[in-house]
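Coordinate inspection notes
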Amino acid sequence: MNASADIGLIGLAVMGENLILNMEGKGFTVACYNRTVSKVDEFINGRGKGKKIIGCHSIQELASVLKRPRIVMMMVKAGQPVDDLIEQLLPVLEDGDIIIDGGNSLFEDTIRRTKYVESKGKLYIGTGVSGGEEGALLGPSLMPGGSPAAWLHVKPIFQAIAAKLDDGTPCCDWVGEGGAGHYVKMTHNGIEYGDMQLICEAYHIMKEGLSMTPDQMHQVFKEWNEGELKSYLIEITADILAKKDEDGQPLVDKILDTAGQKGTGKWTVISSQELGIPITLIAEAVYSRCVSAMKDQRVDASRHFPRPDPRFPGNKQQWIQDIRNALYASKIISYTQGYMLMRAAAQHYGWNLNYGGIAQIWRGGCIIRSVFLGQIKKAFDRKPDLSCLLLDSFFNKAVRRCVRSWRKVVSTAQRKGIPVPALSTALAFYDAYRSAWLPANLLQAQRDYFGAHMYERVDRPRGQFFHTNWTGRGGTTASGTYTV
Ligand code: 6PG
């Protein structure tokens, strides 16, 4: 058979199908294969009919129709299926051919797989693909990383199918070696969890604190989507609040309040623990989903504890402004933390991440796309080695403008018994981060008291450690000062 296809794609679930149609629409010939082979014929005779798409009934056939170097993209479930497929692909590929994983794979798996595939003479890319079904079809945000030599061959296809900014910049660029692309996608998802939780807390306060109806909240989110909060997630929230069920009642009120999760938020938090980076907002967002899932226990507990009157006193319009400010300031903290995490990961794993470039990749096509990311890009243009987003002049000013509202909203929600874990942890982080002094001196004393873990002194150079015999009973032997 003629080797005429520019790329092969394996996995005909909705993301895979839509990516194929997107690629074909941009002028590429795409070969496709699916483990359940009948899906191939269904697709070729259905959505793929009359297009430059070659349906293949085996992996061998797929390999035979691809131009050299072959590019094969896997759109299958993360985990073992990816490893299994790599094993099937390796024997039918030649040296220099490229395997791409477009699923939400754990970055450590991608680091391992890149090394493994390279050891077999082939090249590997693990790429983040964001934007859901619609993004895959119309223009996703793409975050490729892996074997640098593969990028040259994959770039024309990826940048053609990616979302474009108004000036034509594609929301896709090379992220870095090994697992860098999947790490950045994982962080994207963590931030996505944070953004969603913040919106849910704003909704909670408006619903219970301000007794607003979904229609009224729809209006608020619509207005917010015209200003500095303009983003895909605010936009869809406005849409969701306006949606009516078949009986004409707001659909949102009929949806059970237990959240699911597929694991990328959890991975982000695990990685932050490994690297010692406080991404407190994303962590609270993940735990909030866990608390929401304890529905039966919550219903039971609600019978045992009184709840305060949730109504916020005073002017409703003013509160809406304050909630918007609190959300905006918290969002700045969340992205500050997310960028701190990527910085630490880059150092740890040896990636040369382009932080402004990442903001640009996320600016369009993906779930967290927003005008806000344009400001992050500008911050890194101003100072490419910016160590903390919060210290950039734009964000510094923005937080100072919002801080009064933020304190008011968090403290009132707490008094009124409305849980605001993301808004409040963001404020706690802000207060800790801007504090030259924290009570960790006492903590070090406690550690030294019970475990002889030693402490540094304010009146001696850093790096000198001391132990005190606090009770007169302990000896002078210290236990060492290593820190994980
Ligand atoms: C995206 C999304 C996507 C993710 C879903 C579900 O960027 O398009 O992040 O990759 O799989 O949002 O995530 P949860 O089920 O964990 O909410």
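Here, every reference points to the structure presented above.
The following paragraphs examine the structure supplied in this document.

What counts, and at which threshold
Residues numbered from 1 in each chain as written. Predicted model: local features only at pLDDT ≥ 70, side-chain atom pairs only at ≥ 80, totals over all residues. Heavy atoms only, no water. Pairing = 2+ DSSP bridges. Helix = DSSP H or I, 4+ residues; strand = E, 2+ residues; numbered from the N terminus. Contact = heavy atoms within 4.5 Å. Axes fitted to C-alpha atoms, helices over the stretch in contact; angles between N-to-C directions. 1 Å grid on protein atoms, 1.4 Å probe; cavity = no way out; pocket = protein on both sides within 12 Å on 5 of 7 lines; lining within 4 Å. Points joined across faces, edges and corners; volume = space filled by probe spheres on them. Nonpolar A, V, L, I, M, F, W, Y, C, P; charged D, E, K, R; others polar.

So, on to the sheet that holds strand 5 (residues 98–101). The strand order 3-2-1-4-5-6-7-8 describes an open sheet built from eight strands, whose pairing is mixed. Each having just a single partner strand, strand 3 (53–55) and strand 8 (176–177) make up the two edges of the open sheet. Taken together, the two bridges between strand 7 (residues 141–146) and strand 8 define a ladder with parallel strand orientation. If you follow Gly145 over to strand 8, its bridge partner there is Gly176. Sheet strands in contact with helix 7 (residues 148–161) are strand 1 (7–10), strand 4 (71–74), strand 5, strand 6 (123–130), strand 7 and strand 8, and its direction is about 30° off that of strand 6. Here helix 8 (residues 180–209) sits on the sheet in contact with strand 5, strand 6, strand 7 and strand 8, set at roughly 15° to strand 6.

Another point: empty space enclosed by the protein. Taken as a whole and assessed by the stated rule, the structure comprises three cavities of 30 Å³ or more. Looking at the largest cavity, the residues that line it are Asp195, Ile199, Leu229, Ser231, Leu233, Ile234, Leu327 and Lys331. Those elements that provide at least two residues to the lining of the largest cavity are helix 8, helix 10 (232–242) and helix 14 (316–349). Considering only residue class, the lining of the largest cavity consists of five nonpolar, one polar and two charged. In terms of lining residues, the second largest cavity is bounded by Tyr339, Met340, Arg343, Tyr355, Phe380, Leu386, Ser387, Cys388 and Leu389. No other element matches helix 14, which puts three residues into the lining of the second largest cavity. For the lining of the second largest cavity, the residue count by class is seven nonpolar, one polar and one charged.

Let's shift gears to the environment of Ile44. Inspection of the secondary structure assignment puts Ile44 in helix 2 (residues 38–45). With 175 residues separating them along the chain, Ile44 and Gln219 place their C-alpha atoms 43 Å apart.

Take it as geometry only, folks, not as evidence of what the structure does.
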